[in-house]
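# Geometric and topological summary
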Amino acid sequence: MVKYIGKRIIYMFITMFLIATATFFLMQTLPGSPIASYSKLNDTQKAIVEKKYGIDKPKPVQYAIYMKNLAKGDLGTSFAFKGKSVNDLLASRMKPSFILGAQAMVFGTIVGILLGMIAALKQNTFWDYGSTFFAILGISIPSFVFATLLQYYVASQWHLLPVGLWNDGWKSSVLPSLALAMGPLALSARFIRTEMIEVMGSDYITLAKAKGANGFEIAFKHAFRNALIPLITVLGPVAAGLVTGSLVVEQIFAIPGIGEQFVSSIMVNDFATIMGTTLFFSAFLIVVIFIVDILYGVIDPRIRVAGGKA
Amino acid sequence: MKNTKWLLLMAMTLVLSIFLAACGGADEKEEDASKDGSKDDNATETPKKEDGEPDAEQILNLAESAAIPSVDSAIVEDAVGFNVLNNVNEGLYRLDQENKAIPAMASEEATESEDGLTYTFKLRDAKWSDGTPVTAEDFVFAWQRAIDPATGSPYGPFMMSGTVKNATAISEGKMDKKELGIVAKDEKTLEVTLERPVPYFLSLMSFGTFYPQKEEFVTSKGDAYATNSDNLLYNGPFTLTDWDGTGGSWSYKKNDEYWDAENVKLTQINVNVVQDSATAVKLYKDGKLDRAGVSGDLAMQYSTDPEAVLQPETSVFYMKFNQKKLKKEETPLANVNIRKAIAKSFQKEDLADVVLANGSLPANFLVPKDFAFDESQKDFRDISGDHLTYNVEEAKEFWEKGLKELGVDSLELEILGGDTDLSKKMDEYFKSQLETNLEGLTIKLKEVPFAVRLELDDTQDYDIQISGWGPDFQDPISFLDLFVTDGTNNLMSYSNKEYDKLIADSKAELALKPQERYEAFAKAEKILLEDDAAIAPIYQRGLIFLEKPHFKGLVSHPFGADYSYKWAYISGKE
């Protein structure tokens, strides 16, 4: 297991290195200069400013310098936010995004699992159709539509929660989290329902029933655990979906998160910030996928992540 | 099978109910409003307050469309930054409620030498927010810092070169910054020497780049200077608080050390970054904002709202006709008749009222309305008149003449525009107008992000470009200077010797003759538009805001910073 984890961590670093390299060179093809006022500067100033930001050097040298600093954890200086380090920039923006993402993930999967279980256990009843319908809505409607609907009804019309901004404590986070949670919720519900129905029909469940185990015990102890495996597989992509969803949802609720930062940095060619946010998002996803892989082993002993002989 | 049908029915009912609910929403809102109204009428128990009397609580809530990139007055280059600076710091002059530059850090009107080259300012007894006095040295330091090429100030050289003595040489690194034409005669006297007489010099003194900075403070903070609200000193009506340097919110607090603090009524202003106009409107309707900008498609929807206010701007938008593609090869637009035909072939009133519908005015000019005035306070627009007005018959004549001169019977041209919804709508309008009115013309549209457009502009890789300009100081030259031969913003290979001479004269022998100078400007504008049709004016931008009736006294400025909150107050909110 330790060997496996060690190997995975090395792969993670290689992946990050490749992403950093690809982003760095792709970014150079963006049209325009990262210095917004470039046309206002005279040649002397241009030379000095370019030297200050290190963009006067040839691209391979810039790349080497960037990677060297990256290894030290230094993401460089933002062009748009004069003289501020990208590390600080991300740190101050990370909190709202993280809270929203975590809440959406936790709420979405838990409610989704419950819905899925109800649907499976009460197969072909009103509950089943209801939760299926709900899940289809959740999968097919993008999160920003939910965001707008929630904002309009819950906030603008019924005044139950704030319309937007990040200045009202936990209340500010409810609606955006709910909007983001719809995706994971729907997906979990679908997966759990399908798996549970399949598992509930398998021989060992019949055996458990024959042994006289009660319904609750069967559902949770025997069926649920097995039904979780495919769900965990999709949690990685779901987390990726949350990241992209948050770009729009943060804007709708005017939340100063990292998604907003990412979009605006691309608009102004803020190379260092684009690199920083891309790497941050990548690292986040790689770690999530890693955790998911480790979880397999915990939930299902049959899966040996270490690849040992069967 | 039966189940699927049932499911389908349920799905459709639900979807339908969402739509119905959405439609019903509007009525509910109106009902709510009328309920609120009657509530107010019945509220007779509370003692009635005098109209316009400020409330006890003076807290304002505003939204900005972007975060603050910097508040270092030498570095600031964006609208948000300049707006913050104008409210937390103060220069020698400040724009007043009528947008006239009046002494601010200066205690009285500056004395100007006979030749218009030397200005002497007396400073008032004003204090920084740390309690130390604002001195003449603070101005000398700030100006020298802004012109020093090592600072990389975008506006320092832009505003000072050719104006303040030796600025050009210093900004090119050929002279020491100590040689800049600004000297502290004593602690409270400042003497500024200019390269040439600059008739609008005093209005420049209200611009952020010319604000003072305290050397001791700037040096002690080093690279951290102005990177958050604690690393900055304030000498204006408000201080900046709760700004972490990159965050999406900040506040202004009344600055008790400000010399005119008794006339500042607001105690606090909370600002949040709200990029999405629709969100801003919802926050406004929910009472979380006292003012919200309404842009794009929303503008049309809210233009009749009782709380909508029109705010005319001084930005003018026009078509740039590129005469040499990639600065080499002549385009069909090098033909003056083709240019005139295009410039006169689209209806500007409909564009402004129906397509843009945001309070913009049709423009038959380059220098905007309500912006520059002569000595007798006459608007430059009344001196110069209209040019290149819409006229299809004339456009068609020019078009045929132009085609004959080029020896072709059809042309394909590209319009380069922005990628916002509104610019795309506008481009479609141009395409339909131009293709309908000018036979044989095919228009291709190219819509790109701003940074890309700047690059295509820089390399002159376009035919027709939709472009705009907002002034940096209050003088027609801020616009007319753009199109002199080899001007940095010309970038379309336009050149007219007579035009160049008029602009050059206005900076030299006419500098001290205001009336003749304005006449020269009027003549130059006529050459640029009527005679040469170098550009085709489209519209002068307007903005629509929703503004709460209790928010009073906000002053918006035609150049430099957008707003002053100094005189704003809340009245009748409670």
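Above this note sits the structure.
Residues numbered from 1 in each chain as written. Chains lettered and ligands numbered in written order. Predicted model: local features only at pLDDT ≥ 70, side-chain atom pairs only at ≥ 80, totals over all residues. Heavy atoms only, no water.

## Focus on the overall build of chain B
- If you tally the helices and strands in chain B, you get 18 helices and 23 strands.
- Relative to a compact globule of 574 residues, whose C-alpha radius of gyration would be 25 Å, chain B shows 27 Å and is just as compact.
- Out of the 574 residues in chain B, the part that is buried amounts to 55%.
- Taking the intrachain contacts of chain B between residues at least 6 apart in sequence as the baseline, contacts between residues at least 24 apart amount to 68%. (Helix = DSSP H or I, 4+ residues; strand = E, 2+ residues; numbered from the N terminus. Rg over C-alpha atoms; globule rule 2.2 N^0.38 Å. Buried < 20%, exposed > 50% of the residue type's maximum accessible area, 1.4 Å probe, protein only. Contact = heavy atoms within 4.5 Å.)

## Some words on the pattern of salt bridges
- Following the criterion strictly, the structure yields 24 salt bridges over all chains and no others.
- Residues arginine 8 of chain A and aspartate 293 of chain A are paired through a salt bridge, measuring 2.3 Å at the closest nitrogen-oxygen approach. Taken together, the residues span a long stretch of sequence, with arginine 8 of chain A in helix α1 (residues 2-27) and aspartate 293 of chain A in helix α11 (residues 271-299) at a distance of 285 residues.
- Arginine 8 of chain A gets classed as buried once you look at its relative accessible area, which sits at 15%.
- Looking at aspartate 293 of chain A, the relative accessible area reads 17%, which means it is buried.
- For aspartate 125 of chain B, the salt bridge is made with lysine 188 of chain B, and the minimal N-O distance between the two is 3.9 Å. With aspartate 125 of chain B in the loop between β5 (118-122) and α3 (136-147) and lysine 188 of chain B in the loop between β6 (182-186) and β7 (189-193), this residue pair connects regions lying 63 residues apart in the sequence.
- Residue lysine 188 of chain B is classed as buried on the basis of its relative accessible area of 18%. (Salt bridge = Lys/Arg side-chain N within 4 Å of Asp/Glu carboxyl O.)

## Some points on the packing of helix α4 (residues 86-121) of chain A against helix α10 (residues 258-267) of chain A
All names here are of chain A.
- The contact between α4 and α10 brings their axes to 7 Å, and the two run at 130°. In terms of orientation, α4 lies oblique with respect to α10. On the side of α4, the interface is formed by Leu89, Leu90, Arg93, Met94 and Ser97, while α10 contributes Ile258, Gly259, Glu260 and Gln261.
- For the contact of α4 with α10, a count of residues per class yields four nonpolar, three polar and two charged. (Axes fitted to C-alpha atoms, helices over the stretch in contact; angles between N-to-C directions. Parallel < 35°, antiparallel > 145°, perpendicular 65-115°, else oblique. Nonpolar A, V, L, I, M, F, W, Y, C, P; charged D, E, K, R; others polar.)

## Side note on the environment of serine 282 of chain A
Residue and element names in this part refer to chain A.
- Here serine 282 is to be found in helix α11.
- Each C-alpha atom of the pair serine 282 and alanine 240 lies 9.3 Å from the other, and the pair is 42 residues apart in sequence.
- Each residue touching serine 282, except ones within four places of it in the same chain, is listed here: Met16 and Ile19.
- Polar side-chain contacts of serine 282 include one of 2.5 Å to the backbone oxygen of threonine 278. (Polar contact = N/O pair within 3.5 Å; in protein donor to acceptor, adjacent residues only side chain to side chain.)

## Describing the sheet that holds β5 of chain B
Residue and element names in this part refer to chain B.
- Pairing is antiparallel across the open sheet formed by four strands, whose spatial order is β4-β5-β7-β6. This sheet does not close on itself; its edge strands, each paired only once, are β4 (111-112) and β6.
- Examined bridge by bridge, β4 and β5 share two bridges and lie antiparallel to one another. When the bridges of β5 are listed, glutamate 112 appears paired with tyrosine 119.
- Most of the contacts of α3 go to β6, to which it runs at about 165°, and overall it touches β6 and β7. (Pairing = 2+ DSSP bridges.)

## Looking at a negative patch on the surface
- Together, Glu393, Glu397, Glu400 and Glu439 of chain B line one region of the surface with negative charge.
- As for its position among the elements, glutamate 439 of chain B is in the loop between α14 (421-437) and β17 (441-447). (Patch = residues over 30% accessible without salt bridge, like charges linked within 9 Å, V, L, I, M, F, W, Y side chains within 5 Å. Areas by Shrake-Rupley, 256 points an atom, 1.4 Å probe, with all protein chains shown as cover. Lys, Arg positive; Asp, Glu negative; His and termini not counted. Charge placed at Lys NZ, Arg CZ, Asp CG, Glu CD.)

## Describing the interface of chain B and chain A
- With 51 residues of chain B at the interface, the matching set in chain A holds 46 residues.
- Of the roughly 4100 Å² buried at the junction of chain B and chain A (both faces included), carbon and sulfur atoms supply 60%.
- Here chain B is connected to chain A by zero salt bridges.
- In this structure, the connection of chain B to chain A is made through 10 residue pairs in polar contact (both at pLDDT 80 or more).
- Taken together, the elements giving at least two residues each to the side of chain B that touches chain A come down to α1 (2-42), α4 (155-160), β10 (268-273), α8 (277-285) and α15 (450-458) of chain B.
- Examining the composition of the side of chain B that touches chain A, we find that 13 residues originate from one element, α1 of chain B, more than from any other. (Buried area = accessible area lost by both parts, 1.4 Å probe.)

## What to know about α8 of chain B
- Across the nine residues that make up α8 of chain B, a large majority, seven, are buried.
- Considered for burial, the residues of α8 of chain B that qualify are Ser277, Thr279, Ala280, Val281, Lys282, Leu283 and Tyr284 of chain B.
- Lining the buried residues of α8 of chain B we find α6 (143-157) and α9 (215-252) of chain A together with β11 (291-294), α9 (297-302) and β19 (535-547) of chain B.
- Just downstream of α8 of chain B lies glycine 287 of chain B, where phi reads positive at about 85°.

That is the geometry; function is a separate question.
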